[in-house]
Amino acid sequence: MMKNIIIAIDGPAGSGKSTAAKRVADRLGYLYMDTGAMYRAITYLILREKALGDLSATINLVLGIDVKLKFENGETQVFVNGEDFTKFIRSPEVNGSVSEVSAIPEVRGQLVRIQKEM
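In this text the structure is predicted, and so the values were computed from the model without any measurement.

A look at a nonpolar patch on the surface
Alright, step 1. Nonpolar side chains collect at one region of the surface, where Ile5, Ile7, Ile9, Val24, Leu28 and Tyr30 lie side by side and expose about 520 Å² of accessible area between them.
Alright, step 2. Summarising the element assignment, isoleucine 7 is placed in the segment before helix 1 (17-28).

With respect to helix 2 (residues 35-48)
Alright, step 1. Relative to the 20 Å expected for 14 residues at 1.5 Å per residue, helix 2 spans 20 Å between its end C-alpha atoms, a close match to the ideal helical length.
Alright, step 2. Turning to helix 2, its buried residues are Ala37, Met38, Tyr39, Arg40, Ala41, Ile42, Thr43, Tyr44, Leu45 and Ile46.
Alright, step 3. Backbone nitrogen of glycine 36 and a side-chain oxygen of the N-cap are separated by 3.2 Å at the start of helix 2; the cap is aspartate 34.
Alright, step 4. Lysine 50 occupies a position one or two residues after helix 2 and carries a positive phi of about 55 degrees.

Some points on the confidence of the model for the protein chain
Alright, step 1. Of the residues in the protein chain, 98% reach a pLDDT of 70 or more, and the chain-wide mean stands at 89.
Alright, step 2. Confidence scores differ between elements of the protein chain, with helix 1 showing the lowest mean pLDDT of 84 and strand 3 (residues 83-84) the highest of 96.

Topic: the nonpolar core
Within soluble globular proteins, side chains that are nonpolar generally end up buried alongside one another.
Alright, step 1. Counting residues in each nonpolar core, the largest one holds 24 residues, and the members touching the most others are Ile42, Val67, Val107 and Leu111.
Alright, step 2. Counting residues per element, the ones that place at least two in this core are helix 2, strand 1 (67-72), strand 2 (75-80), helix 4 (92-102) and helix 5 (105-117).
Alright, step 3. At eight residues, the largest contribution of residues to this core is made by helix 2.
Alright, step 4. Apart from the residues within four sequence positions on either side, isoleucine 42 is in contact with Val62, Ile65, Val67, Val101, Val107 and Leu111.

Side note on helix 1
Alright, step 1. Under the 1.5 Å per step criterion, the end-to-end length of helix 1 is 16 Å for twelve residues, consistent within 8% with the ideal 16 Å.
Alright, step 2. Of the residues one or two after helix 1, glycine 29 is the one with positive phi, at around 75 degrees.

Details of the packing of aromatic side chains
Alright, step 1. Scanning the entire structure with this criterion turns up two aromatic pairs.
Alright, step 2. Between tyrosine 44 and phenylalanine 85 the ring centres are 5.1 Å apart and the planes differ by 85 degrees, which places this aromatic pair in the edge-to-face class. Of the two residues, tyrosine 44 sits in helix 2 while phenylalanine 85 sits in the loop between strand 3 and helix 4, which places them 41 residues apart along the sequence.
Alright, step 3. The class of tyrosine 44 is buried, set by a relative accessible area of 16%.
Alright, step 4. Between tyrosine 44 and phenylalanine 88, the ring centres sit 4.8 Å apart and the planes meet at 5 degrees, which makes this aromatic pair stacked. Within this pair, whereas tyrosine 44 is found in helix 2, its partner phenylalanine 88 is found in the loop between strand 3 and helix 4, the two being separated by 44 residues in sequence.
Alright, step 5. By way of ring pairs, the aromatic residues Tyr44, Phe85 and Phe88 are connected into one cluster.

Here's the deal with the pairing of strand 2
Alright, step 1. Here strand 1 pairs with strand 2 via six bridges, running antiparallel. In the sheet register, valine 67 faces strand 2, and the bridge partner there is valine 80.
Alright, step 2. Between strand 1 and strand 2, which follow one another and run antiparallel, lie two residues, and asparagine 73 among them has a positive phi close to 50 degrees.
Alright, step 3. Judged from the two bridges that link them, strand 2 and strand 3 form a sheet pairing that is antiparallel. Residue valine 80 lies in a different strand from strand 3, and its bridge partner there is glutamate 83.
Alright, step 4. As consecutive antiparallel partners, strand 2 and strand 3 are separated by two residues, and within that stretch asparagine 81 has a phi angle of approximately 50 degrees, a positive value.

What counts as what
Residues numbered from 1 in each chain as written. Predicted model: local features only at pLDDT ≥ 70, side-chain atom pairs only at ≥ 80, totals over all residues. Heavy atoms only, no water. Patch = residues over 30% accessible without salt bridge, like charges linked within 9 Å, V, L, I, M, F, W, Y side chains within 5 Å. Areas by Shrake-Rupley, 256 points an atom, 1.4 Å probe, with all protein chains shown as cover. Salt bridge = Lys/Arg side-chain N within 4 Å of Asp/Glu carboxyl O. Helix = DSSP H or I, 4+ residues; strand = E, 2+ residues; numbered from the N terminus. Expected span 1.5 Å × (residues − 1). Buried < 20%, exposed > 50% of the residue type's maximum accessible area, 1.4 Å probe, protein only. Polar contact = N/O pair within 3.5 Å; in protein donor to acceptor, adjacent residues only side chain to side chain. pLDDT = per-residue confidence, 0-100. Core = buried A, V, L, I, M, F, W, Y, C linked by side-chain atoms within 4.5 Å. Contact = heavy atoms within 4.5 Å. Phe/Tyr/Trp six-rings, centres within 6.5 Å; stacked < 30°, edge-to-face > 60°. Pairing = 2+ DSSP bridges.

Following this line, the structure appears as structure tokens:
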């Protein structure tokens, strides 16, 4: 039985985690999973639906959500329920709210479940 190998890189913002992870994945032929992009995509959805600060609305948005990552030409593309969110997830509004959203246990639980499925 073959074991799944997972490499996780943690560190402060701007320290080069993503760059290092992309290079390692590319050299080893591994899937590059940008979990930060996933949290940003969820945050963008919550902001777009004006649910930030409304815990039950946030949880309802996240339950059953479909998040897909596609790594192509050195860039992670993020799709939520089939919609490409890539160009929206690096905005100042998302940057300012992603920590708040990622601290919600139900959000973390849902994204961890999706990550495990990947």
